Amino acid sequence: MGSVAERSKALDLGSSLSGGVGLVSVLMVFVWLGENQVSPLRPICDLRVLDHFVREARDSEVIMRGCRGGCGVMKSYFVPLTSVDFAVWEHTDVHGQAVEVQTGLSLLDQALNNAMKTVSNSPLASALENNISNIHSLGQILHSLDLQQARSTVLPDDSVPASAQTQEVSSLPELLQVQSSFLRGKVRLLLSAAPACQRQNS
């Protein structure tokens with residue numbers, strides 16, 4: 001069922017992007033092969049895909065603000081830091097940046113899944129499920145760019161991370177705000193400067 005749903009989502013995403021006929025083809029190949037851990041035929045460099053995910057993250061914040069029941073419970077979540085020290089970032093090699101971003105995505109994935117367990121409001125639960133799917137897609141996009149030599153650091157549930165790149169938030173609204181900021185910040189910086197995309201655009 002998952003693969004059919006993801007293929008359908010790729011079609012919906014592609015159709016919402018103007019002039020995206022070529023992008024639709026790339027996304028379809030990417031999603032179809034992703035579950036089998038086969039690399040896509042080419043890197044996915046179009047930042048409109050990320051922009052779409054950012055809009056959906058912001059939509060989740062709107063749904064959360066309008067939620068009046070079954071909206072989750074007060075709970076701590078470990079999430080990535082969203083602030084960027086550009087002097088440090090620019091002097092970090094692309095593989096180090098990729099590991100930081102992928103680790104941040106793993107933290108968000110874990111936090112969103114934990115939040116889902118406390119939510120009974122259907123629109124909010126659907127939005128969270130969609131965000132989780134988007135996080136997984138971003139992980140596959142990073143894989144398509146061949147940025148990483150090392151895997152991300154995946155933390156066990158409820159562990160206290162020692163990394164200086166994590167922070168703790170105490171509510172679902174804060175978690176959703178961090179998600180939006182992380183996608184607009186470090187994820188965009190990484191994808192914008194990916195060597196595979198620079199070669200493709202040259």
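Just so we're clear, the structure is a prediction, and the values are computed from it rather than from any experiment.

Trainee: I keep staring at the packing of helix H5 (residues 94-116) against helix H6 (residues 122-144) and nothing clicks. Help me out?
Mentor: Following both chains from N to C, one finds H5 and H6 inclined at 160 degrees, their axes separated by 10 Å at the closest point. Our classification of the angle between H5 and H6 gives roughly antiparallel. Along this stretch, H5 crosses H6, giving a crossing that reads as left-handed. Contacts from Val101, Gln102, Leu105, Leu108, Asp109, Leu112, Asn113, Ala115 and Met116 in H5 reach Ala125, Leu128, Glu129, Asn131, Ile132, Ile135, His136, Leu138, Gly139 and Leu142 in H6. Considered class by class, the residues forming the contact of H5 with H6 number 12 nonpolar, five polar and two charged.

Trainee: It is not clear to me how helix H3 (residues 47-66) should be interpreted in this structure. Could you clarify?
Mentor: Note: α-helices contain 3.6 residues per turn, so residues at a spacing of three or four share the same orientation. Between its first and last C-alpha atoms H3 spans 29 Å; for 20 residues at 1.5 Å apiece the expected length is 28 Å, and the two agree. Of all the residues in H3, the buried ones are Val49, Leu50, His52, Phe53, Val54, Glu56, Ala57, Ser60, Glu61 and Met64.

Trainee: Would you mind showing me how to read H6 here?
Mentor: Given a rise of 1.5 Å per residue, 23 residues ought to cover 33 Å, and the 33 Å separating the end C-alpha atoms of H6 matches this to within 8%. Between the side-chain oxygen of the N-cap and the backbone nitrogen of Leu124 there are 3.0 Å, and the N-cap of H6 in question is Asn121. Positive phi appears at Asp146, one or two residues downstream of H6, with a value of about 55 degrees.

Trainee: Looking at this structure, how should I read empty space enclosed by the protein?
Mentor: One simple way to see leftover space: roll a probe sized like a water molecule over the atoms. Counted according to the given criterion, the structure contains one cavity of 30 Å³ or more. Taken as a whole, the largest cavity spans an internal volume of roughly 40 Å³. For the lining of the largest cavity, the secondary structure elements donating two or more residues are H3 and H6. Sort the elements by how many residues they give to the lining of the largest cavity and H3 lands first, with three residues. A per-class count over the lining of the largest cavity returns eight nonpolar, no polar and one charged.

Trainee: What exactly am I supposed to notice about the state of the cysteines here?
Mentor: Two cysteines whose sulfur atoms are joined by a covalent bond form what is called a disulfide. The final tally for this structure, using the stated rule, is one disulfide. With a sulfur-sulfur separation of 1.8 Å, Cys67 is cross-linked through a disulfide to Cys71. Across the S-S bond linking Cys67 and Cys71, the dihedral sits near -95 degrees, which makes this disulfide left-handed. No difference in accessibility class separates Cys67 from Cys71, as the two residues are buried.

Cut-offs applied
Residues numbered from 1 in each chain as written. Predicted model: local features only at pLDDT ≥ 70, side-chain atom pairs only at ≥ 80, totals over all residues. Heavy atoms only, no water. Axes fitted to C-alpha atoms, helices over the stretch in contact; angles between N-to-C directions. Helix = DSSP H or I, 4+ residues; strand = E, 2+ residues; numbered from the N terminus. Parallel < 35°, antiparallel > 145°, perpendicular 65-115°, else oblique. Left-handed = near helix turned anticlockwise from the far one by under 90°. Contact = heavy atoms within 4.5 Å. Nonpolar A, V, L, I, M, F, W, Y, C, P; charged D, E, K, R; others polar. Expected span 1.5 Å × (residues − 1). Buried < 20%, exposed > 50% of the residue type's maximum accessible area, 1.4 Å probe, protein only. Polar contact = N/O pair within 3.5 Å; in protein donor to acceptor, adjacent residues only side chain to side chain. 1 Å grid on protein atoms, 1.4 Å probe; cavity = no way out; pocket = protein on both sides within 12 Å on 5 of 7 lines; lining within 4 Å. Points joined across faces, edges and corners; volume = space filled by probe spheres on them. Disulfide = S-S within 2.5 Å.

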